[in-house]
Amino acid sequence: MRKGKFITVEGGEGAGKSSNLTYIQSRLEEAGIEVLFTREPGGTDLGEDIRELLLGHKHTGMADDTELLMMFASRAEHLNRKIIPALEAGIWVLCDRFTDATYAYQGGGRNISFDRIAMLENWVQGKLRPDMTLLLDLPVETGLERARNRSEPDRFESEKIDFFDRVRAAYLKIAGNDPERVKVINASKPLDEVQAQIQSTLESTMLKD
Ligand code: TMP
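Residue numbers run consecutively from 1 along every chain, following the written order of its sequence. Residue-level local features of this predicted model are given only where pLDDT is at least 70; pairs of side-chain atoms are given and counted only at 80 or more, and the full residue set underlies all totals for whole chains, interfaces and linings. The basis for the side-chain values is all heavy atoms of the structure; hydrogens and waters are excluded.

Draft legend 1. Local environment of the site of the ligand. Think of it this way: one heavy atom of a residue within 4 Å of a molecule or strand is enough to make that residue near it. Taken together, 15 residues are adjacent to the ligand, and R75, R97, T102, Y105 and Q106 come closest. Pairs of N or O atoms are called polar contacts if they sit within 3.5 Å, as long as, within protein, a hydrogen donor faces a hydrogen acceptor (for residues adjacent in sequence, only side-chain-to-side-chain pairs). Note that an oxygen atom of the ligand is positioned 3.1 Å from one of the side-chain N or O atoms of K17. Contact between the ligand and T102: an oxygen atom at 2.6 Å from a side-chain N or O atom of the residue. When the free accessible area of the ligand is taken as 480 Å², the share hidden by the protein chains comes to 92%. Secondary structure elements follow DSSP: runs of H or I no shorter than four residues count as helices, runs of E no shorter than two count as strands, and numbering proceeds from the N terminus. Looking at the shell around the ligand element by element, the count peaks at four residues for helix α4 (residues 99-109). A class-by-class count of the residues in the shell around the ligand yields seven nonpolar, two polar and six charged. Reported accessibility uses the Shrake-Rupley method at a 1.4 Å probe radius. Residues are deemed covered only where the shown protein chains occlude them. When residue character is reported, Ala, Val, Leu, Ile, Met, Phe, Trp, Tyr, Cys and Pro are called nonpolar, Asp, Glu, Lys and Arg charged, and the others, Gly included, polar.

Following this line, the structure appears as structure tokens:
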């Protein structure tokens, strides 16, 4: 029996995921909720090794299917070893990216069909889906400009702008198809306004009762 809630946060490059994830974790903890904060790809020892292979530049030309399967290999490990045990113990899981990122990056970005991804989603996750997803949305140019001021670009950040246009379009399509679960946050606003949107979304959904 699942007792904890599963919340995921998604967005393109430079959407402000890190600071907003910290903010969400604090709001939940203030509400007396025990939270496990984790990320994908990664979240386990094996998953973090897979993350290095996926984000590093050693295998720049990896096949799209290899990339897709490695995302789900990391996810299978993460779910079985960390996410499901936490949820079953009544702990809420706050995850920096999850399967919507696969639809957006491998589906939208790499043009792998959503049907193919759905097969792996059903295989690896069974019926498990996030209870709520916050999509931090902003224009691609704005996000890339912000991201450029950070560290060296990883294998995904090194993609061209049309890749990120497809990623954003796929995220918005997912949100349009599942408005109950996916809440779109306008992340181009100043941080305090973004956090106000997040707070009111949490209060009207996960923190309602
Ligand atoms: P980030 O956690 O720093 O945002 O980096 C993770 C990168 O991995 C990001 O560019 C998005 C990408 N990614 C995918 O392509 N597919 C996935 O399923 C996940 C979880 C991430």
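Draft legend 2. Molecular detail of the sheet that holds strand β3 (residues 92-96). Taken together, the five strands give an open sheet; going across it, the order is β2-β3-β1-β4-β5, and neighbouring strands pair in parallel fashion. Edge positions in the open sheet fall to β2 (35-39) and β5 (182-186), since each of these has one partner strand only. Strand after strand, the sheet turns through a mean of 20° between neighbouring axes, direction not considered. Strands are treated as partners if at least two bridges between them are detected by DSSP. Strand direction decides the pairing type here: strand β1 (residues 6-11) and strand β4 (residues 132-137), joined by five bridges, are parallel. Directly across from T8, in β4, lies its bridge partner T133. The criterion used for residue contact is that any of the two residues' heavy atoms lie within 4.5 Å. To get an axis, fit a line to the C-alpha atoms, keeping to the stretch in contact for a helix; angles then go from 0 to 180 degrees between the N-to-C directions. The sheet strands contacting α4 are β1 and β4, and the helix crosses β1 at an angle near 25°.

Draft legend 3. Summary view of the packing of helix α3 (residues 64-88) against helix α5 (residues 114-125). Put simply, α3 and α5 touch, their axes get as near as 10 Å, and they point 20° apart. The angle between α3 and α5 places the two elements in the roughly parallel class. Crossing of α3 over α5 shows right-handed handedness. Residues D65, L68, L69, F72, R75, A76 and L79 of α3 form the contact with α5, whose participating residues are R116, I117, L120, E121, V124 and Q125. When the residues that make up the contact of α3 with α5 are grouped by side-chain class, the tally is eight nonpolar, one polar and four charged. Orientation labels follow simple angle bins: below 35 degrees gives roughly parallel, above 145 gives roughly antiparallel, 65 to 115 gives roughly perpendicular, and whatever is left gives oblique. Crossing handedness: left-handed means the near helix sits turned counterclockwise from the far one by under a right angle, and right-handed means the same turn made clockwise.

Draft legend 4. Structural context of helix α1 (residues 17-30). The end-to-end C-alpha separation of α1 is 20 Å, in line with the 20 Å expected for 14 residues at 1.5 Å each. Relative accessibility decides the category of a residue: with a 1.4 Å probe and only protein chains considered, values under 20% of the type maximum give buried, values over 50% give exposed, and everything between is partly exposed. Of all the positions in α1, only K17, N20, L21, Y23, I24, R27 and L28 are classed as buried. Projected down its long axis, α1 carries its buried residues within an arc of 160°, all on one side. Residues of α1 that are exposed and angled more than 90 degrees away from the buried face: S18 and E30. Here the buried face of α1 lies against β1, β2, β3, β4 and α8 (191-204). Looking one or two places after α1, you find G32, whose phi comes out positive at around 85°. Multiplying 1.5 Å by the helix residue count minus one yields the expected span of that helix. In this context, the arc is that of the directions from the helix axis out to the C-beta atoms.

Draft legend 5. Examining the packing of α3 against α4 more closely. α4 packs onto α3 with a crossing angle of 175° between their chain directions and a minimal axis gap of 11 Å. As far as their axial angle goes, α4 and α3 are roughly antiparallel. Residues E67, L68, M71, F72 and R75 of α3 pack against T99, T102 and Q106 of α4.

Draft legend 6. Up close: the nonpolar core. What makes a nonpolar core is a set of buried Ala, Val, Leu, Ile, Met, Phe, Trp, Tyr and Cys residues whose side-chain atoms join them at distances within 4.5 Å. Core analysis: the largest hydrophobic core is formed by 27 residues, its most contacted members being L54, Y105 and Y171. Elements that contribute at least two residues to this core include exactly α2 (45-55), α3, α4, α5, α6 (140-148) and α7 (161-177). Sort the elements by how many residues they give to this core and α7 lands first, with seven residues. Here L54 is in contact with P41, M62, E67, M70, M71, R155 and F156, once residues within four sequence places are set aside.

Function cannot be read off these values alone, since they describe shape.
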